[in-house]
Amino acid sequence: MISLSSQFPILVALAPLMAAPFCALFRGNTLPWAMTTIISAFSFYVSLSLLFSVVASGPISYELGGWAPPWGIEYVVDPLSGFMLVLISGISTGVLLFARDSITKEVPAHQLGLFFAAYLLSLTGMLGICITGDAFNIFVFLEIMSLSSYALIAMGERTDRRALTAAFQYLIIGTVGATFYLTGVGLIYMMTGTLNIADIASRFPEIEGTRPILAGVGFIIVGICIKLALFPMHVWLPNSYTYAPNIITAFFAGTATKVSVYLLIRFIFTVFGPNYSFAGLGLTDVLMPLAILGFLSMSAVAIFQTNLKRLLAYSSVAQLGYMVLGIALASEAGLTASVVHIFNHAVVKTGLFLSVGCMFYVVGSTYLKDLQGVGRRMPLTTFGFALGGLGLIGVPLTPGFISKWYLVVAVLEKGSYFGYALVAALMVSSLLAVIYIWRVVEVAYFRPPPEGTETQEAPLSLLIPTWIFILGSFYFGIETSFNVGFAKTIASFLMGGA
Amino acid sequence: MIEGLNPGLILILGALLVPLTSGFIRSLLILALPVLALVQIYTLGLGTWGHFEFLGLSLEITRVDPLSRIFGTIFCIAAFMGMVYALHVKDTIQHFVALIYIGSAIGAVFAGDMITLFVFWELTAISSVFLIWASRTERAYRAGMRYLIIQVTSGVILLGGIIVYYQDTGSIAFDYIGLTGIAGCLILIAFGIKSAFPLLHNWVQDSYPEATVTGTVILSAFTTKLAIYALARAFPGTDILIPIGGAMILLPIVYVVLENDLRRVLAYSLNSQLGYMVIGVGIGSELALNGTAAHVFVHIMYKSLLFMCMGAVLFRTGTVKVTELGGLYKSMPITTVFCLIGAVSIAAFPLTGGFVSKAMIQSAALNGGLFILWPVMLFACAGIMDHSGLKVPFFTFFSKDRGIRVQEAPMNMLIAMGIAAFFCIGIGVFPGLLFELLPYAPTYNPYSFGHIVSALQLLFFAILAFMLLIRFKVYPSELRSTNLDFDWFYRVPLKRLILAIGRLILIVWNWSLGIANDVLRYIIGLVSETHSSGKIMARTTASSTAVVVIVALLGVLLVFLYQFQQ
Amino acid sequence: MSNPDDEKKYWLEEPANINKIFYAVIGLCVLVALPKVLTLLDILLFKQGRFELADFFVFYTFFGVIGYVMMILLAKKLRGFLMRDEDYYD
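Caption draft 1: Representation of the domain arrangement of chain B. Residues and elements named next belong to chain B. As far as domains go, chain B holds domain 1 (1–235), domain 2 (282–480) and domain 3 (492–532). Summarising the inter-unit geometry, the C-alpha centres of domain 1 and domain 2 are found 25 Å apart. Tallying the contact residues gives 24 residues for domain 1 and 25 residues for domain 2. Counting the surface lost from both domain 1 and domain 2, the interface buries some 2300 Å², and carbon and sulfur atoms represent 83% of this. Broken down residue by residue, the surface that domain 1 buries against domain 2 is led by Ile-70, Met-81 and Tyr-85, which jointly contribute 28%. Taken together, the links from domain 1 to domain 2 amount to zero salt bridges. At the surface where domain 1 touches domain 2, the tally comes to six residue pairs in polar contact (both at pLDDT 80 or more). Among the secondary structure elements, those contributing two or more residues to the side of domain 1 that touches domain 2 are helix 3 (66–85) and helix 9 (213–234). Looking at the side of domain 1 that touches domain 2, the element that brings in the most residues is helix 3, giving 13 residues. In terms of residue class, the side of domain 1 that touches domain 2 is made up of 19 nonpolar, four polar and one charged.

Caption draft 2: The state of the cysteines, seen in detail. Residues and elements named next belong to chain B. Within the structure shown, the criterion is met by zero disulfides over all chains. Cysteine Cys-309 is unpaired, with the sulfur of Cys-339 as its nearest cysteine sulfur at 4.5 Å. Left without a disulfide partner, Cys-424 is nearest to the cysteine sulfur of Cys-309, which lies 9.7 Å away.

Caption draft 3: Structural detail: the interface of chain B and chain C. Each partner contributes to the interface: chain B provides 58 residues, whereas chain C provides 50 residues. Summing both partners gives a buried area of about 5200 Å² for chain B against chain C, and 70% of it is carried by carbon and sulfur. For the interface between chain B and chain C, the tally reads zero residue pairs in polar contact (both at pLDDT 80 or more). Considered class by class, the residues forming the side of chain B that touches chain C number 36 nonpolar, 11 polar and 11 charged.

Caption draft 4: Spotlight on the layout of surface pockets. Each pocket or cavity is described by its volume, and for the largest pocket that value is around 1400 Å³. Of all elements in the fold, only helix 13 (333–346), helix 15 (373–397) and helix 18 (449–471) of chain B together with helix 1 (15–40) of chain C reach the threshold of two or more residues within the lining of the largest pocket. Counted by class, the lining of the largest pocket contains 27 nonpolar, six polar and eight charged residues. In this model, the second largest pocket occupies a volume close to 1100 Å³. Lining the second largest pocket are 28 residues, with Phe-54, Leu-57, Leu-59, Ile-115 and Val-119 of chain B positioned closest to its centre. Put simply, the parts of the chain that give the lining of the second largest pocket at least two residues each are helix 17 (399–413) of chain A together with helix 1 (7–17), strand 1 (47–54), strand 2 (57–64), helix 5 (114–133) and helix 6 (138–169) of chain B. Of the residues that constitute the lining of the second largest pocket, the class distribution is 24 nonpolar, two polar and two charged.

Caption draft 5: Representation of the environment of Ala-229 of chain A in the model. Residues and elements named next belong to chain A. Note on placement: Ala-229 falls in the loop between helix 8 (211–228) and helix 9 (236–243). The exposure class assigned to Ala-229 is buried, which follows from its relative accessible area of 0%. Aside from chain neighbours lying at most four places away, what touches Ala-229 is His-234, Trp-236, Leu-237, Val-317 and Leu-320.

Caption draft 6: Quick look at the arrangement of the chains. In this assembly two pairs of chains touch, with chains B and C having more contacts than any other pair. Left apart from each other, chain A and chain C have a closest C-alpha approach of 39 Å.

Caption draft 7: Examining the packing of aromatic side chains more closely. Evaluated as defined, the whole model comprises 48 aromatic pairs over all chains. Each ring, one from Tyr-181 of chain A and one from Phe-267 of chain A, has its centre 5.7 Å from the other, and the planes form 85°; the classification is edge-to-face. Placement of Tyr-181 of chain A in helix 6 (residues 162–192) and of Phe-267 of chain A in helix 10 (residues 246–271) is noted, with a sequence separation of 86 residues between them. Of the two residues, Tyr-181 of chain A and Phe-267 of chain A, neither departs from the other in class, the shared state being buried. An aromatic cluster of three or more residues is present, and its members are Phe-71, Phe-75, Tyr-101, Trp-121, Phe-174, Phe-191, Phe-222, Tyr-229 and Phe-235 of chain B. The ring of Tyr-361 of chain A carries the charged tip of Lys-105 of chain A above its face, separated from the ring centre by 4.5 Å. One Lys or Arg, Lys-369 of chain A, reaches over the ring of Tyr-367 of chain A and ends 5.1 Å from the middle of that ring.

Rules used in this analysis
- Residues numbered from 1 in each chain as written.
- Chains lettered and ligands numbered in written order.
- Predicted model: local features only at pLDDT ≥ 70, side-chain atom pairs only at ≥ 80, totals over all residues.
- Heavy atoms only, no water.
- Domains from an automatic or database assignment.
- Contact = heavy atoms within 4.5 Å.
- Buried area = accessible area lost by both parts, 1.4 Å probe.
- Salt bridge = Lys/Arg side-chain N within 4 Å of Asp/Glu carboxyl O.
- Polar contact = N/O pair within 3.5 Å; in protein donor to acceptor, adjacent residues only side chain to side chain.
- Helix = DSSP H or I, 4+ residues; strand = E, 2+ residues; numbered from the N terminus.
- Nonpolar A, V, L, I, M, F, W, Y, C, P; charged D, E, K, R; others polar.
- Disulfide = S-S within 2.5 Å.
- 1 Å grid on protein atoms, 1.4 Å probe; cavity = no way out; pocket = protein on both sides within 12 Å on 5 of 7 lines; lining within 4 Å.
- Points joined across faces, edges and corners; volume = space filled by probe spheres on them.
- Buried < 20%, exposed > 50% of the residue type's maximum accessible area, 1.4 Å probe, protein only.
- Phe/Tyr/Trp six-rings, centres within 6.5 Å; stacked < 30°, edge-to-face > 60°.
- Lys NZ or Arg CZ within 6 Å of the ring centre and 35° of its normal.

Next up, the structure:
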């Protein structure tokens, strides 16, 4: 007898995929939203149970359609992918709780069905990327995610027409990234004759250093880094995040780029193997300068922004630099820091974007000049934002502190003056974060609100999800056994498994 | 009550409620909190709770063992007395910070690891300074600032010691540390500052007399005794503590004779009393540690009692200067009686608490063969008899009547003094009750005939000498003065030196600041040239440009990877 | 504040009474020294301390009187060196 739970690996991605067309047919604002939330919560539940069973009894392999790998497509849940599934579906569910009242202000009612259908497809893509064990299947899910996200971003056009150009630019650059990725996979397929990741990894040592493989690695790394918005390939991100509907920004900030970081980790550590990636290909020399330049330069850019969403978007690009730096350190500690930061930043940034969503709901703008005195108009929301900002800076008791702590530990492991210089760079970047958060706090609390405005909080349906993320971020900043514990497991699994 | 909750946190959390209350409810709240904390200590029983892993460090928030329990008990009782004494105060800030301060002192006592200890340690420093600042005078502000700097320094040194200790041993458990290596030295210095070791002691005499009437009573009970607890926990039997304690007993005595401000007299004598405790820790035998714990208990009682009496005098007359007081027994008879009880207790007359606890430490010293230290302690007995036993009550309540006529102290103050006096006498008469609480099994009987007679000989002849000196006018007349102490070194020459260095540094600083300013300005200019809105790094480039960048990057990467071809 | 003259006369204000206290203290001193004196006269065996010095007959009284007076005199001497104006540090 086949129990339902044995089908969980396919269900986690299949459920949103199957639900999407139905969603597109629904009308009204409640029905599509309710269906999406239920499906997302279901995926969250399935992800959690997958993660627990991975913890209990090791990685799960699922053969799609009963075809044994490497001929058929294989779905694999290991600690990393299980962790990502929980993170993505969890954030998606949290954001959806927020979505109902927020999205009706930004998207016309007759498009809501389509909106949530695209949302579900995007969720499918992200979950699929994390769970599949097949390099080509990754491409398919990557495209599902990307195409739906172009549409989702473009739906911000009611608020600002620039959403259309932002989406179009994302489409162009995203397609280039996907193409590069596909080219790389093609080259590897040419040399190994297989698309199954585990299979590729096992054959990789024989073909290391051949010219097609080198080119394939180059294409894949650049392709993924485009999707990841690694500096200087980030141009699409600030506009997309700024003009997308608020819940989409919150959703993508927590998940989309994190999925790309996942892909980068997957390819570097599982497919190429950490030894070959760093000793044999010198990827540290490629990734580290970009990461460092990224978090320094993008934090500086964030300081000058006049639109709060754009400010946070640049901050996201900077924070991605931290994650890539952790990977580029080529050590277990570095990888731990990176995975911890994926989780922590996702929680904090989602909370921040949700509180911005609350402000938009009431004020109708996210430009700093319109948010003057918002601390007095919306005390709870603004306080939440300030707390989230502390997390972004990395004040103790916030998750940002935990990730920076592990990153600094990993950096210092490198020893020597280089390590100290890196720590100094991290400090400078944190200082820049203090400045850009302070700018918002200053505008929100120390400028008088415009005349004639009254205290008006966002409705509870928005406030509660926001505060769940803010308080959650503090929870994970103090009780770190989940995020840090898993990050350590994952890092030792990936380093040891190679 | 909540399982494993550190009793100190009850006061700290309760303090957060204080600003929300007023009047009768507030009085009830601030009196209930110490009682609740005490109940929590005894409902917990012995054991450890609240184990956390934080950044790889294993924390232990609550640890109740016999040593911490007796300190916690006396702190709770002292807190209750202090709160009764402060009931008439309407200043929200004072109640709030007093509770935070007491709570963190109790929290530190029950801390099972050094990180928790450090957090509470610093919290006592930061919260207590507000009790000094609450006087709201310029003098108090500056004394408070000096106090804060020294206290926080102690915390920073402690943190440094903890870090080194952790690196050496991989543990942060707050247990026996001993004077080994840099870690031990740093931690000992940190504890030493707070327990007012000689030459590190001036903050006591500097700050306590500047606090508010009630603030001094509360301050005097906790900070230094917390440090004694920490010493007893981490450094029992460390030999160096014995000479340190001896010097601690002796040095303040001279100043006590000369000092004009009676609260400062008490602060000096407190310092001297701490010497006994440090000696007790330094001997480190079971009897000595028992004696130390007992002495802390008794000492808090009579020292609080004396500070409360002086506080009442200050409250009613507006001064505690010897040169302005005298003959107050007519106006404040009850306070006079309480002050005398405190005086005989600190002088260690038989049937008072001081007799019992000092006898234990002295016996421990003899058992340990410390024959040089022993006469020092005896001499100090005579000294203490003078300064706290005779000088304080004599010059305040008797001596020349200066015509000051005031009311008796308020009822709440009298009740608080009554509680303390009750304990002073009660422990003296029934020492067995206190012995039950001590960390080790008691085997000591203070009331032997020889001991009683010896003590009485010493005390009565000292009184005789005092009377003779007064009669023949040899006793130094009290003058309005400042007496130089070790703090002169940092308040005058060091200050001048620092000012001079400061000026030099300022010149160099301004000069380098100018350069740094220019450099920074240039960098900021450059950054804003390139990074501000619409500039090259922040511009939304055309998609074609972006793609060109990406392709160029791909090209560079491919060329880079080409070198790895095999 | 009432006029001190109207108050009742306190017992302590009589100089004769202060003398009485003084003599009472001397009497007490003699009383507590008595066991030692009797030991010296071989009427009583009273050992005070655990070592020789403490059994020297004036040991505690010596400490009481001489120690005390020395301390006060020392303090008086030091005053010349240590004393400054009340607002010295201000």
